[in-house]
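Here is how the chains run, residue by residue.
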Amino acid sequence: MTKRELINQERYEFESRDILIVEGFSFNQKQTISRIYRYYNSKFENGDTDADGDKKYFYNIVRSPCKVTTKGIDFDPKDIRILTASGGNPLQTWFFERDLKFWMKEQQFGKVLNRIFEELPIFGSVVIKLVGDKPEFIDLRNFVVEQSADSLDYANYIIERHLYTPVEFRRVGEEMGWENINEVLEEHYKTQAPYIAVYERYGDLEYEDEQGNRTRTYKRLVLADVGKTEIDQQAQLTYSNPAHPGFVLEETEVQDHPYWEFHMEKIPGRWLGIGVVEVLFDPQVRENEIAILQSKAS
């Protein structure tokens, strides 16, 4: 199995298969996130008109509870205090707290906290990636993780999808020291795809050592998925054995992944936390039904 086939197989498992929490209760993370996006932005799954051609009205009841929850859990850097332990030196604590306040102001830590508290009630989970010393928020639409993992530390695979224009791909590739940059661009220009899909995977990879023994180790794999047409890329799901194996841009043995996770509410059996929007899935459906019936009656 090529590395591209491995990533495609894991993507297929994530996007197309449901996991069983308990009997009668299954879960699919991709479908749940897609539904959260639609409900929070007042969009119906099957269009804004019904079978009679009449407009359907989305009576949004999820936005306000999310904002109320954000206010309830929000705190600012000024609320973070450093206390002196028993027998400690208060002067050292004072200097440490001063340094911490300066660091949080320099790093704009307050903005990071605000965004965490805004997104937690919506999605139930927030993931931040440390790139150097800078935190970057991960778009959960492009984040693939073993659905049944208790946390990212125990997930068999973590995959992040990046979409780059050719110019951006060359710039990022040169900054990161990737291999096969020119080969990827040459192959990409043969297609009509607007973007180059790059998959960054963290997980065990099997390899053969100098003695010929096959073993596994935790690695960071960066692979460019090329040779796809524009139609294939819009569909985002082409899991049949592709003719092109893709290009490995980087393969490095690492100790850990660079992600930090925050969850609103967790239940055993699934990685994604439970947010306010998911809790209100069924009430939102019922409110929409009532609003549509009242609209037709009037």
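Here's what I pulled together on the structure shown here. Bear in mind that the values here come from a model prediction, so they are computed numbers and not experimental data.

### Overview of the packing of aromatic side chains
Right, on to step 1. Using the criterion set out here, one finds 12 aromatic pairs in the structure.
Right, on to step 2. Taken together, the ring pairs in this structure connect Tyr-39, Phe-44, Phe-58 and Phe-281 into an aromatic cluster.
Right, on to step 3. A cation over an aromatic ring shows up here: Arg-63 above the ring of Tyr-40, its NZ or CZ 4.2 Å from the ring centre.
Right, on to step 4. The residue whose ring lies beneath Arg-270 is Phe-27, and the NZ or CZ to ring-centre distance is 4.1 Å.

### Description of unusual backbone geometry
Right, on to step 1. Of note in this structure, Gln-108 is not a glycine but carries a positive phi near 55 degrees.
Right, on to step 2. Residues other than glycine seldom take positive phi values, yet Asn-180 does so here, at roughly 60 degrees.
Right, on to step 3. Locating Asn-180 in the fold gives a position in the loop between α6 (166–176) and α7 (181–188).
Right, on to step 4. What makes Asn-180 partly exposed here is its relative accessible area of 29%.

### Concerning the environment of Tyr-39
Right, on to step 1. One can find Tyr-39 in helix α2 (residues 29–40).
Right, on to step 2. Here Tyr-39 falls in the buried class, since its relative accessible area comes to 10%.
Right, on to step 3. Measuring from C-alpha to C-alpha, the distance between Tyr-39 and Glu-278 comes to 9.2 Å, with 239 residues separating the pair along the chain.
Right, on to step 4. Residue contacts for Tyr-39: discarding those within four places in its chain leaves Phe-58, Asn-60, Val-62, Val-277, Phe-281, Gln-284 and Val-285.

### Some words on α7
Right, on to step 1. Those residues of α7 that sit buried are Ile-181, Val-184, Leu-185, Glu-187 and His-188. An end-on view of α7 places all buried positions within 165 degrees of arc, on one side of the element.

### Looking at the sheet that holds strand β4 (residues 134–137)
Right, on to step 1. Reading across the sheet, the 3 strands line up as β4-β3-β10 and stay open at both edges, with antiparallel pairing between neighbours. Two strands in the sheet have a free side with no partner beyond their single neighbour: β4 and β10 (259–263). With strand direction ignored, the average angle separating the axes of adjacent strands in the sheet is 30 degrees.
Right, on to step 2. Across 4 bridges, strand β3 (residues 125–131) lies against β4 in antiparallel orientation. Bridge pairing in β4 links Ile-128 to Phe-137.
Right, on to step 3. Most of the contacts of helix α5 (residues 109–123) go to β3, to which it runs at about 145 degrees, and overall it touches β3, β4 and β10.

Rules used throughout
Residues numbered from 1 in each chain as written. Predicted model: local features only at pLDDT ≥ 70, side-chain atom pairs only at ≥ 80, totals over all residues. Heavy atoms only, no water. Phe/Tyr/Trp six-rings, centres within 6.5 Å; stacked < 30°, edge-to-face > 60°. Lys NZ or Arg CZ within 6 Å of the ring centre and 35° of its normal. Helix = DSSP H or I, 4+ residues; strand = E, 2+ residues; numbered from the N terminus. Buried < 20%, exposed > 50% of the residue type's maximum accessible area, 1.4 Å probe, protein only. Contact = heavy atoms within 4.5 Å. Arc of directions from axis to C-beta. Pairing = 2+ DSSP bridges. Axes fitted to C-alpha atoms, helices over the stretch in contact; angles between N-to-C directions.

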